[in-house]
Amino acid sequence: MSVTPIPARKGRAFLFVLTIFVLSVAAPELYAAGKNSLEPSRDSIIRIVTQIQRADYEGDRPALKRLNDELTPIPEDNKLASQVLYWRGFALWRRAINGFNESPTPTDLEEDLTQAVTDFKDAIARNPAFVEPKIGAVSSLGYLMYLNKKDPTRVQELLQQLSPLLKEATAAAPNNPRLLWVLGPIRWSSPPDRGGGQDKAFESYNRGLEAVRNQKGDASDPLEPSWGEPELLMSLAWSNLNRTTPDLNAAEQDAQAALKIVPYWHYVRDILMPQIRAAQAKALLPEPKFTPAQQEVLDARKARVEAGKKRDGSWSRYVADDCIYSDDDGNLVTKAQLLEHEKRNWPPEYDHSVNFRDYVVHVYGDTAVMNFRFTVHEQITDTDLITEMRATEAYAKQNGVWLLVARQWAPLPINFRKPVAVDTSVYKDYVGQYQSRPLDDVETISLKDGKLWSQSGNDENEYLPLGPETFFIKNDIASITFSRDPQGHVTGYTYHREDGQGYHVKKIK
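What comes next concerns the included structure.

Definitions and limits used
- Residues numbered from 1 in each chain as written.
- Predicted model: local features only at pLDDT ≥ 70, side-chain atom pairs only at ≥ 80, totals over all residues.
- Heavy atoms only, no water.
- Patch = residues over 30% accessible without salt bridge, like charges linked within 9 Å, V, L, I, M, F, W, Y side chains within 5 Å.
- Areas by Shrake-Rupley, 256 points an atom, 1.4 Å probe, with all protein chains shown as cover.
- Salt bridge = Lys/Arg side-chain N within 4 Å of Asp/Glu carboxyl O.
- Helix = DSSP H or I, 4+ residues; strand = E, 2+ residues; numbered from the N terminus.
- Expected span 1.5 Å × (residues − 1).
- Buried < 20%, exposed > 50% of the residue type's maximum accessible area, 1.4 Å probe, protein only.
- Core = buried A, V, L, I, M, F, W, Y, C linked by side-chain atoms within 4.5 Å.
- Phe/Tyr/Trp six-rings, centres within 6.5 Å; stacked < 30°, edge-to-face > 60°.
- Lys NZ or Arg CZ within 6 Å of the ring centre and 35° of its normal.
- Lys, Arg positive; Asp, Glu negative; His and termini not counted.
- Polar contact = N/O pair within 3.5 Å; in protein donor to acceptor, adjacent residues only side chain to side chain.
- Contact = heavy atoms within 4.5 Å.

### Digging into a nonpolar patch on the surface
Nonpolar side chains collect at one region of the surface, where Ile386, Ile414 and Phe416 lie side by side and expose about 260 Å² of accessible area between them. With respect to the secondary-structure elements, Phe416 resides in the loop between strand 6 (401–411) and helix 14 (427–430).

### Comments concerning helix 9 (residues 229–242)
Compared with an ideal rise of 1.5 Å per residue, which puts 14 residues at 20 Å, helix 9 spans 20 Å between its outermost C-alpha atoms and is within 8% of the ideal. With respect to burial, helix 9 is a largely interior element, 14 of its 14 residues being buried.

### Description of the nonpolar core
The biggest cluster of nonpolar side chains holds 79 residues, and the ones touching the most others in it are Trp93 and Trp265. Top contributing element to this core by residue count: helix 3 (residues 78–100), with eleven residues. Judged by nonpolar contacts, the second largest core, of 22 residues, contains Leu298, Cys323, Val361 and Phe374.

### Points about unusual backbone geometry
The omega torsion across Thr72 and Pro73 is -5°, close enough to zero to call that bond cis. Mapping Pro73 onto the fold places it in the loop between helix 2 (61–70) and helix 3.

### Here's the deal with the pattern of salt bridges
By the definition in use, this model includes 31 salt bridges. Of the charged contacts, one joins Arg66 and Glu70 as a salt bridge, the two residues approaching to 3.0 Å between their closest N and O atoms. Placement of the pair is Arg66 and Glu70 together in helix 2, with a separation of four residues, close to one helical turn. The class of Glu70 is partly exposed, set by a relative accessible area of 23%. Of the charged contacts in the structure, one is a salt bridge between Arg269 and Asp270, with a shortest N-O distance of 3.0 Å. Given the relative accessible area of 24%, Arg269 is considered partly exposed. A relative accessible area of 37% means that Asp270 is categorised as partly exposed.

### What to know about the packing of aromatic side chains
To describe a pair of aromatic rings, you give the distance between the ring centres and the angle between the ring planes. Inspection of the entire model under this criterion finds 30 aromatic pairs. Residues Tyr57 and Trp265 carry aromatic rings whose centres are separated by 5.0 Å and whose planes lie at 70° to one another, so their mutual orientation is edge-to-face. On the criterion of sequence distance, the pair formed by Tyr57 in helix 1 (residues 42–58) and Trp265 in the loop between helix 10 (248–261) and helix 11 (266–284) is long-range, its members being 208 residues apart. Exposure class is identical for Tyr57 and Trp265. Each is buried. Above the plane of the ring of Tyr146 lies Lys149, whose end atom (NZ or CZ) is 4.1 Å from the centre. Over the aromatic face of Phe356 sits the side chain of Arg301, whose NZ or CZ is 4.4 Å from the ring centroid.

### Observations concerning the side chain of Glu443
Summarising the element assignment, Glu443 is placed in strand 8 (residues 443–448). As a buried residue without a salt bridge, Glu443 has its nearest oppositely charged side chain in Lys507, at a separation of 12 Å. In this structure the side chain of Glu443 is engaged in a polar contact, spanning 2.6 Å, whose partner is the side chain of Tyr493. Ignoring anything within four residues of it in the chain, the contact list for Glu443 reads Gly432, Gln433, Tyr434, Ser454, Gln455, Ser456, Tyr463 and Tyr493.

Next up, the structure:
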């Protein structure tokens, strides 16, 4: 059986690159092997494997390399040795896969994959009936084929290694969900006359998903691979995004289902979901192809904006006398007030709007509604204040001319704060669970790699310091300040809204 590498797609090569990461629900404790023993204890091996699984999802390549090195020496017991060798190979396999998603692509991918194949083959030698290292070796060899695609001799050599392993794994465990996950990209790229095609790939992923869900609860040995459900969901999401006729709703549902299992999955959260969102936005707002009526409204707005740059009141002929303005503070402003305001003759840089974009125009006979986004710059001394805005405008056609009859605009909650350097030793005091109201989600604050993280439902955000006790997150213009009791114990935090209001969130555990 031959295996055809996935062709490059928009600069992102090889679909195997997207079949990444491993299921983990255990806590990421950091322990090394016992120092008083020549062999690592089983418990220490389990802890390292748990760390490997977490680092894989987080895309932490340095940690995967370090943890691979920590799984030494290899135990004498063949079964345990085979498991340790599998996870050693797994760490480097996934380190390479994560590398394919980095830019620029790291140069050590072939080295990682070659060593992964060696570890997988050593695992097979210790336990020939162990099918999981055969699956890992098949995928690793497939990546190596891609990296050596310009060397036909090397590709053929790698294929000769891959084919018998794939045949053995398929014969021994045809419904293994991890095997079906690896087979999915092969079927996606193979022509229908060789048993491939997009439908066959979906069939493989769905079979794997059914199998892994049926096997839940069966695994009693934490060193036996049981990952697969989030990976299969991820592959379904990617496939629904990239199929001939994309199903963007299914892509989002599958990606969200994967994140529900692994909320901190770097690839799905930070790469795949933005790709899906971008495709959805493009589908909702395709390349502007406005009707003649819509273009008339857009032209009327453009003429008003160009006239406004003159600051001589000439823009007013494009605005109805009873036009309703609602500004970004919620105040109602009249056309007459705007004309009076303009007499102050402030220079354009005092309030300069640029980059008008994302237009949506609906025309209903002699009325029309338009929505768009724009950026406002305000120059104050040596500071350029930037505000992202969104506006809605209503127009009425009077005597054949489109006049503005209502306009409302408001700032978007973009956070321009920058974190400051603080003593992170206090972060450990903030670790725990917090809740504002009994029916609200419990927020878990944890310390990870020296940083403070918040997890609430499916949302995970880093708390960035404004001081030792005050923090913010990038997608929220509010801030929080932790509070302590007289004994110095953290009791909760106060959420500060931008308008000065706030509320207390209690630490419950």
